[in-house]
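Residue-level listing of the chains:
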Amino acid sequence: MMTYQFDWGPIWDARGLIAQGLLMTIAVSAVSLAISIVIGLVVGSGGASNSRAARTVSALFVETMRNVPLLIHMYVWYMAFAFLRLPAFTCAVLGLSLYSGAYVAEVVRAGIGAVRRGQMQAALATGLTRLQAMRLVVYPQALRIIAPSLASLFSQLIKDSSLASVIAVSELTYAAGAIEGQTFRTFEVYIAISILYLILVTAASQIVMLVPGARNEAASASFADA
Amino acid sequence: MSDVPTIEVRDLHKKYGKTPVLRGCSMTVRRGEVVVVCGPSGSGKSTLIKCINGLEPYHSGSIKVEGVEVGAKSTDLPRLRARIGMVFQHFELYPHMSVLDNVALAQIYVLRRRRPDAYERAHQLLARVGLQDKSNAMPVDLSGGQQQRVAIARALALDPQAMLFDEPTSALDPEMIHEVLQVMDELAADGMTMVVVSHEMGFARRVADRVVFMDAGEIVEDAATEVFFSNPRTPRAAEFLSKILPH
Amino acid sequence: MPDVILQNLPFLLHGLWTTIDLSLWTILGGTLLGAALGTIRFVRAPVLGTLSMLFIEFIRGTPLLVVLLITYFALPALLGYRTTAYKAALLGFVLFIGAYLAEDFRSGLRSVRPSLIQAALATGLNRWQVLRLIVAPQAMRSVIPSVFNQYVRLLKFTSVASIIGVTELTGAALLVNARQFHPIAILTTIAITYLVLCYGLSLVGRALYAHFGVKT
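Residues numbered from 1 in each chain as written. Chains lettered and ligands numbered in written order. Predicted model: local features only at pLDDT ≥ 70, side-chain atom pairs only at ≥ 80, totals over all residues.

### What about the interface of chain A and chain C?
The condition that has to hold: Throughout, a residue-residue contact means that the two C-beta atoms, derived from backbone geometry, are no farther apart than 7 Å. Charged residues are taken to be Asp, Glu, Lys and Arg, nonpolar residues to be Ala, Val, Leu, Ile, Met, Phe, Trp, Tyr, Cys and Pro, and polar residues to be all remaining types, Gly included.
Tallying the contact residues gives 34 residues for chain A and 31 residues for chain C. Its residues assigned to classes, the side of chain A that touches chain C comprises 22 nonpolar, nine polar and three charged.

This is the structure:
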């Protein structure tokens, strides 16, 4: 049945290409993560606010961004907005940031809601303004609560970055395709990059769990898988 | 003794949706007075005191703290709240900060005290409530009674003109109630203006100047302590007392 | 509705149908696989449990696109068989969603209070009966939100099948765009279609949960 000859040599030979692809994946992921965190904080806080207008806008953003496939997001920036002449990297980052930002927003909103209401009242009762209370009392606690979900989102973002290969960003999956085309080592190359993604994703989760207090929350965490 | 009452509530009305929660409540608290507010659950006692420092909005009527209308749009609520301390039933210490930081936080960010001054005052207050050796502990390491005493210190840190207590001992195991009531006794003896929502009738008898009895959103009785306990005017108050006193 | 859509409506509708078809089969296969794996992990079966865990961890650490590339290119090359893009996509989706659902089912099973299980055992029921009669029914209701979350996700990621040449909705849209370049009209219509489908599916999930969900 299996007449496949394993040959990992060509994979090792192509390690330069693989390394470049890996770096590009990290680049796309890191920039998108930063932007999606900002988006998520703003939209998520709006979603948890007392203002109905803010909550509605937040919900609209989240539902619109989340219910459209990431692939379509990327094509929109790459093709529909082609007149902007954005480089592929930027298109991928924009698509990924808006999509993931919506997920971060939901997690942030839930995290803020999970902080005991009495905490906000106690903070206000000592004369802190709403903004101060959010910054000093609510956000720090919300961050600890959502750390496991954030770890999961971070991992998901790294995996989602593989779709950038479709709009010709030369990240890891794109590199795999190129190597496969040259060496015909189909099985080896895809297993190799799977393992690389696994390593990336595990490392990312561990980094997020370094947030103080995060490990306690993880014991009872339910992962907000994207 | 100032002429302006510290807290003045007039004909206060509040609804949650369609349900009335406060129906025309009026009461006055003068400087140095200790008022205990009691009544069955759901009578609106907690809601009333949360209206006093603006944590809950009200629909009609007036609440004036040192002459300033709490519900007026022009009122600087954070500033008003800095002049009234509040202690909550569930303590609500900030779990992500040490005890010392809990007591110092508002001093730094609201009163804009310099950090060394804030921390020193915090140490003083923790000593006053008997917890000076716990200043570096985290709230989760403390017992309920200890946490509540820290909460009192936190409220005192802003040198408030009055203190509001929302059922301060209701969430405590019986053996810890005493340590908190003792701190409150001392506060009252020092002349602090206090409004205390509580079922602790022993405390009321010992320390309160007046007792206010609420039922179903109304203030049913408002009398000097001895008068309230020995000769309640209304049947509802008498019934409440008979249920709550033997224990 | 834009002209380019109207002109190509049958083709696009066929793509939509392929998307729905793929999704339904994946939901079926993936749920069965996920329930099986989740239960195996929950009861801590010795060998199967470890194998399941390895499989689940591998899939969860791998991007969907790479999984599809494996089922379309790598596995056929390794095992020497031929497959169509559609079958490879279906296999990939089932394996992918099965691994995620396995974790959801497992936490659902674990969420049933141990004291409840003890009480059931105390009445003389054996472990399998407790699992079947008490734990599973409760667990199933509590996992509705997370499972439907995965279903909505599934609907979205059927779009990735277009990359290996399956003519589902996205694939069809791209083909139309290749012939009559109108990306804005086409992509907007496609985006709205997915939006309606996914939001609708999540509403179904919420309704089901409101009706059947276990409130502790």
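There is more to say after this.
### Describing the packing of helix α9 (residues 169-179) of chain C against helix α10 (residues 183-212) of chain C
Residues and elements named next belong to chain C. The cut-off we apply is this: Note on geometry: axes are lines fitted to C-alpha atoms, helical ones only across the stretch in contact, with angles between N-to-C directions running from 0 to 180 degrees. A run of DSSP states H or I qualifies as a helix once it reaches four residues; a run of E qualifies as a strand once it reaches two. Both are numbered from the N-terminal end. Reported orientations rely on four angle classes, namely roughly parallel under 35 degrees, roughly antiparallel over 145, roughly perpendicular from 65 to 115, and oblique for the rest.
At a minimum axis distance of 10 Å, the contact between α9 and α10 shows a crossing angle of 170°. As summarised for this structure, α9 and α10 are arranged roughly antiparallel, according to the angle between their axes. Residues Leu169, Thr170, Ala173, Val176 and Asn177 of α9 form the contact with α10, whose participating residues are Pro183, Ile186, Ile190 and Thr193. The residue inventory of the contact of α9 with α10, partitioned by class, reads six nonpolar, three polar and no charged.

### What to know about the pairing of strand β10 (residues 218-224) of chain B
Each regular strand carries side chains that alternate between the two faces of the sheet. Residue and element names in this part refer to chain B. The test is simple: Paired strands, in this sense, are two strands between which DSSP finds at least two bridges.
One ladder, built from six bridges, connects strand β9 (residues 210-215) with β10; its direction is antiparallel. Bridge pairing in β10 places Phe213 opposite Glu221. Hairpin connection between β9 and β10: a loop of two residues separates the two successive antiparallel strands, and Ala216 in this loop has a positive phi of roughly 50°.

### Some details on the nonpolar core
The test is simple: To define a nonpolar core, we join buried Ala, Val, Leu, Ile, Met, Phe, Trp, Tyr and Cys residues through C-beta atoms within 7 Å and take the resulting set. Our exposure labels follow a C-beta count within 10 Å of each residue's own C-beta, placed from the backbone: buried means 20 or more other C-beta atoms, exposed means 12 or fewer, and partly exposed covers the counts in between. Each domain's limits were defined by an automated method or a database of domain assignments.
Met74 and Tyr190 of chain A, Val37 and Val103 of chain B together with Leu68 of chain C are the most contacted members of the largest nonpolar core, which has 213 residues in total. By residue number, the principal contributor to this core is helix α7 (residues 130-160) of chain A, which donates 15 residues. Both domains that furnish three or more residues to this core are identified here as domain 1 (1-82 + 162-247) and domain 2 (84-159) of chain B. When near neighbours in sequence (up to four residues on either side) are disregarded, Val37 of chain B contacts Lys45, Leu48, Val195, Val196, Val197, Val212 and Met214 of chain B.

### Section: the packing of helix α2 (residues 9-42) of chain C against helix α5 (residues 85-110) of chain C
Residue and element names in this part refer to chain C. Note the following rule: For a crossing to be left-handed, the near helix must be turned anticlockwise from the far one by less than a right angle; the clockwise case is right-handed.
Running from amino to carboxyl end, α2 crosses α5 at an angle of 45°, the nearest separation of the two axes being 6 Å. Classified by the interaxial angle, the pair formed by α2 and α5 is oblique. In this structure, the crossing between α2 and α5 has a hand that is right-handed. Its residues assigned to classes, the contact of α2 with α5 comprises 15 nonpolar, eight polar and three charged.

### Let's talk about the domain arrangement of chain B
You'll often see interface size given as the accessible area lost when the parts meet. Residue and element names in this part refer to chain B. Domains assigned within chain B are domain 1 (1-82 + 162-247) and domain 2 (84-159). For domain 1 and domain 2, the distance between their C-alpha centres works out to 23 Å. Contacts between the two partners involve 21 residues from domain 1 and, on the opposite side, 18 residues from domain 2. Elements represented by at least two residues in the side of domain 1 that touches domain 2 include exactly α2 (77-82), β7 (162-166) and α6 (174-189). It is β7 that contributes the most residues to the side of domain 1 that touches domain 2, five residues altogether. Partitioning the side of domain 1 that touches domain 2 into residue classes produces 14 nonpolar, two polar and five charged.

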